Amino acid sequence: IQLGNPKITPCRGIVITSDLKVTGGTLTGNSTFSGDAGSAYPMTLPINRDLIITGGTFNLTNRPTGLSPGGAIQLNVGRNISQTGGSLFSTSSFGSQNNINMSGSAAQTLEITNNFTDVGLSITNTSATLGVTLANNVTIQPSAAFILNRGYVKLGNYSLTVPGSRFFQNSFTPMPRIVTS
């Protein structure tokens, strides 16, 4: 399935009002098409509830990297992320522009059991008191990025491993932070 191919549907205006579940097969978020010779069209995909990956392949984008504008994708996840199987990656690397943004206004949970590559993970949770709680150990790969914009990440009994050069923290009030409990 190709979500953002301009030959099939417009690149903008797609909203997933419930959960996005990938249980098998291949899903491409911002897919290439035969007319990609001049521009690649970036895409933002709001997911109002959960992103759940239990199997299959979710390729965020396979757009050509040398075109302008670039074909990166940003997923704005309103609730939880659970990846307990399958794979999550991007064939075309646009740096941290390929991004999964946890942007809820209530408590959120992050569970990633298979490391993902060429994808940034942003925390922009608007609740200063609820934040994002880890549901397992999370490792950010050197080809990915971890961006703490707003809110906080609660480790609990788990660890968050991020290469130093791939961790970014913005200065908002209150200051986004990582807490143990």
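See the structure above.
In short, a report on the structure. Everything numeric in this text was worked out from a predicted model, so none of it was measured.

## Points about the side chain of Asn-98
Positionally, Asn-98 belongs in the loop between β8 (87-89) and β9 (99-102). Within the local environment of Asn-98, its side chain forms a polar contact with the backbone nitrogen of Ile-73, the two atoms lying 3.2 Å apart. Those residues in contact with Asn-98, other than ones at most four positions away along the chain, are Thr-61, Ala-72, Ile-73, Ser-90, Ser-92, Ser-93, Asp-118, Val-119 and Gly-120.

## Observations concerning the nonpolar core
In terms of nonpolar packing, the biggest core is built from 34 residues, with Leu-51, Phe-58, Leu-75, Ile-100, Leu-110 and Leu-121 touching the most fellow members. Those residues in contact with Leu-110 that sit more than four places away from it in its chain are Ile-81, Met-102, Leu-121, Val-132, Thr-133, Leu-134, Ala-135, Asn-136 and Val-138.

## A few points about the packing of aromatic side chains
Scanning the entire structure with this criterion turns up one aromatic pair. Between the aromatic rings of Phe-146 and Phe-167, the centroid separation amounts to 5.9 Å while the plane-to-plane angle is 15°, which identifies the pairing as stacked. Of this pair, Phe-146 sits in strand β14 (residues 145-150) while Phe-167 sits in strand β17 (residues 167-169), and the two are 21 residues apart along the sequence.

Rules used in this analysis
Residues numbered from 1 in each chain as written. Predicted model: local features only at pLDDT ≥ 70, side-chain atom pairs only at ≥ 80, totals over all residues. Heavy atoms only, no water. Helix = DSSP H or I, 4+ residues; strand = E, 2+ residues; numbered from the N terminus. Polar contact = N/O pair within 3.5 Å; in protein donor to acceptor, adjacent residues only side chain to side chain. Contact = heavy atoms within 4.5 Å. Core = buried A, V, L, I, M, F, W, Y, C linked by side-chain atoms within 4.5 Å. Buried < 20%, exposed > 50% of the residue type's maximum accessible area, 1.4 Å probe, protein only. Phe/Tyr/Trp six-rings, centres within 6.5 Å; stacked < 30°, edge-to-face > 60°.

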